Structure formats: C-alpha cells, structure tokens
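Listed below are the residues making up each chain.
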Amino acid sequence: MNSIKEKHSFFYRNGLTIVFMGLFVLTLFAQALTGWKQHNADLKDDHAREIGLGTYLRSGHFISATFENFESEFLQMSLYVLLTISLRQIGSAESKKLNEPEEVDREPVPGNDAPWPVRKGGWILKIYENSLSISFGLLFFISWALHLYGSWQNHNVEQLARHLPEDTVYAYLGQPEFWFETFQNWQSEFLSVASIVFLTIYLRQKGSPESKPVDAPHLETGK
C-alpha cells in the first residue's frame, strides 16, 4: 500500500471522487443561486416579500428540490446493488455471468489485509457483508423524509401567499403534488439503469470499467 502511495500522486489515487465531488459542489451552488432567484420571482408574483440567500437555503423550496434528487439517486443505487445479486442480463457488462462463479460471491476469508469486520466475524461481519445496500437504503429514506418535509413547507408557503389555510403533513401526503415530484424522478433513474444495462451489450467505451473490452462478443456477460 505504501508503495502505491509513493508511486502515484494523491489526485491520481483519488481523482474520480475528487472530480465528482467538485462537480457536485459547483452544481449545488448553481442550483442554490438560480433557485433563490426563481423563488424570489415567484414570491414577487404572489406579492410576497423576497428573502435572502441564507433564508432560502433553509426554505422548503431549496430543501425539497435538493433532496428530491438525492432520494431518487440513492433509490437507484440501493436497488441496483440488491437486484444485481440475483438478476442477470445476458451480454451486459453490468451483470454477473450467467453460470460461472463470481469473485464477489465467495465467502470472506480473515487475513492481515482484510477489513476489521471480516477479522472480527459474527454479527459484525453479517452487517458488513450488506453494508453497501444498508447505507444506500438509509440515505434513501433520509432523503425521502427531507424531500417530504421541504415539499410540504414550500406548499404551505404557497398556500399562505394565496390566503389559503396550511395543510398538515398527513393531508399533504394525500395530495398528488408530492407524489408527482417523487415519481418523475424515480422513473428517470430506472430508465438510466435499464439503459446502461442494455446498451453495454452492444456498445463499448475503450478504457472504461463500465464497458466490456471493445473486441468482446455481444453475448459475453460481465466485464
């Protein structure tokens, strides 16, 4: 491990995470800035007082829009991790092979280089064996709850601007607005997963671990 660190720079070793987290921060800032301007325009149209950026970042409008997207992404990843355990797609780079044993299915073996939960064993190992799907599942439910909270708060702001009574969260759950926001994001995530599963059967990207080798047969399943 030390030889790998000495051979490659920090960015080389962590470039994928750094670039994506950088893009995340930049686009989140852009979302906050443009959402704030749009929200103030909506408030002005309703003859309500405009708010500052700091207040906007705590508003239902920003919270709902942010966690609405987080929710669908974490749902996508949790289902993807779980469904690829047992489901197959012939020819896809995103599927396990149809009949051959896979390295990811082997039983964990304790060793000096193994993670601590593997060396510990017992219930700690059982949790660790499923920790990826558990983490994505928790992130999904937390994001779903925050999306609901933000959407409900924003709904009540609009209700007050129209001189209408506020709704309880339970009453809001019975209305189509929140579920429309939810399902329009979920369906796009399911389509994106289906697309990469299917398109990797016939299409290639040289150098990408998400693609089969360029000369691999179409019906060769797995990387």
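In this numbering scheme, every chain counts its residues from 1 along its sequence in written order. With pLDDT at 70 or above as the cut-off, local features in this predicted model cover only qualifying residues; side-chain atom pairs require 80 or more to be listed or tallied, and sums for whole chains, interfaces and linings still use all residues. In computing side-chain values, all of the structure's heavy atoms are included and hydrogens and water are not.

Caption draft 1: Broad picture of the overall build of the chain. Secondary structure elements are defined from DSSP: runs of H or I of at least 4 residues count as helices, runs of E of at least 2 residues count as strands, and each element is numbered from the N terminus. On a plain count of helices and strands, the chain comes out with 9 helices and 0 strands. Against the globule reference of 17 Å for 223 residues, the chain gives a C-alpha radius of gyration of 23 Å, more extended than a compact globule. Structurally, the chain occupies a C-alpha span of about 65 × 40 × 40 Å along its principal axes. Partly exposed residues are those whose accessible area sits between 20% and 50% of the maximum for their type, while under 20% is buried and over 50% is exposed, using a 1.4 Å probe and protein chains only. Counting every position in the chain, which comprises 223 residues, the buried fraction comes to 29%. Any pair of residues with heavy atoms lying within 4.5 Å of one another is described as a contacting pair. The long-range share in the chain, meaning contacts at least 24 apart out of those at least 6 apart in sequence, stands at 54%. Here the globule rule reads 2.2 Å times residues to the power 0.38, and the radius of gyration is calculated from C-alpha atoms.

Caption draft 2: Structural context of the side chain of Ser-211. The topology assignment puts Ser-211 in the segment after helix 9 (176–202). Beyond its immediate stretch of four places on either side in the chain, Ser-211 contacts Ala-93, Leu-203, Arg-204, Gln-205 and Lys-223.

Caption draft 3: Inspection of the pattern of salt bridges at higher detail. Salt bridges are defined as contacts in which a side-chain nitrogen from Lys or Arg sits within 4 Å of a carboxyl oxygen from Asp or Glu. One pass over the full model with this rule turns up 4 salt bridges. With a closest N to O distance of 2.6 Å, Glu-103 and Arg-106 form a salt bridge. We note that Glu-103, like Arg-106, is exposed.

Caption draft 4: Local environment of unusual backbone geometry. The backbone of His-163 shows a phi angle near 60°, a positive value even though the residue is not glycine. Relative to the assigned elements, His-163 resides in the loop between helix 7 (131–161) and helix 8 (169–173). Here His-163 falls in the exposed class, since its relative accessible area comes to 74%.

Caption draft 5: Main features of the packing of aromatic side chains. Aromatic rings from Phe, Tyr and Trp, with only the six-membered ring used for Trp, were paired whenever their centres fell within 6.5 Å, and each pair was classed as stacked if the ring planes differed by under 30 degrees, edge-to-face if by over 60, and tilted otherwise. Tallied over the full model, the rule gives 15 aromatic pairs. With a centroid separation of 6.4 Å and 55° between ring planes, the pair formed by Tyr-172 and Phe-178 is classed as tilted. Summarising the burial analysis for this pair, Tyr-172 and Phe-178 share the class buried. Members of the aromatic cluster, each reached through a chain of ring pairs, are Phe-140, Phe-141, Trp-144, Tyr-172, Phe-178, Trp-179, Phe-183 and Trp-186.

Caption draft 6: Geometry of helix 9. Here the expected span of a helix is defined as 1.5 Å times the quantity of residues minus one. With 27 residues, helix 9 should reach 39 Å at 1.5 Å per residue; the first-to-last C-alpha distance of 39 Å fits that figure. Within the sequence span of helix 9, burial applies to Phe-178, Glu-181, Thr-182, Asn-185, Trp-186, Glu-189, Val-193, Val-197, Thr-200 and Ile-201. Tucked inside the fold, the buried residues of helix 9 contact helix 4 (60–86), helix 7 and helix 8.

Caption draft 7: Examining the side chain of Glu-71 more closely. By the element assignment, Glu-71 lies in helix 4. Buried charged residue Glu-71 carries no salt bridge. Nearest counter-charge: Arg-162, at 20 Å. Aside from chain neighbours lying at most four places away, what touches Glu-71 is Phe-140, Ser-143, Trp-144, His-147, Thr-182 and Trp-186. His is not counted here, nor are the chain ends, while Lys and Arg score as positive and Asp and Glu score as negative.

Caption draft 8: Examining the packing of helix 7 against helix 9 more closely. Where helix 7 meets helix 9, the closest approach of the two axes is 10 Å, and the angle between their N-to-C directions is 135°. As summarised for this structure, helix 7 and helix 9 are arranged oblique, according to the angle between their axes. The crossing of helix 7 and helix 9 is right-handed. Counted together, Phe-140, Trp-144, His-147, Leu-148, Ser-151, His-155 and Glu-158 of helix 7 and Glu-177, Phe-178, Trp-179, Glu-181, Thr-182 and Trp-186 of helix 9 form the full contact between these two elements. Under the scheme applied, nonpolar residues are Ala, Val, Leu, Ile, Met, Phe, Trp, Tyr, Cys and Pro; charged residues are Asp, Glu, Lys and Arg; polar residues are all the others, including Gly. Of the residues belonging to the contact of helix 7 with helix 9, the class tally is 6 nonpolar, 4 polar and 3 charged. Each axis is a line fitted through C-alpha atoms, taken for helices only over the stretch in contact, and angles between the N-to-C directions span 0 to 180 degrees. For this classification, under 35 degrees means roughly parallel, over 145 means roughly antiparallel, 65 to 115 means roughly perpendicular, and everything else is oblique. The handedness criterion is simple: a crossing whose near helix is rotated anticlockwise from the far helix by less than a right angle is left-handed, and one whose near helix is rotated clockwise is right-handed.

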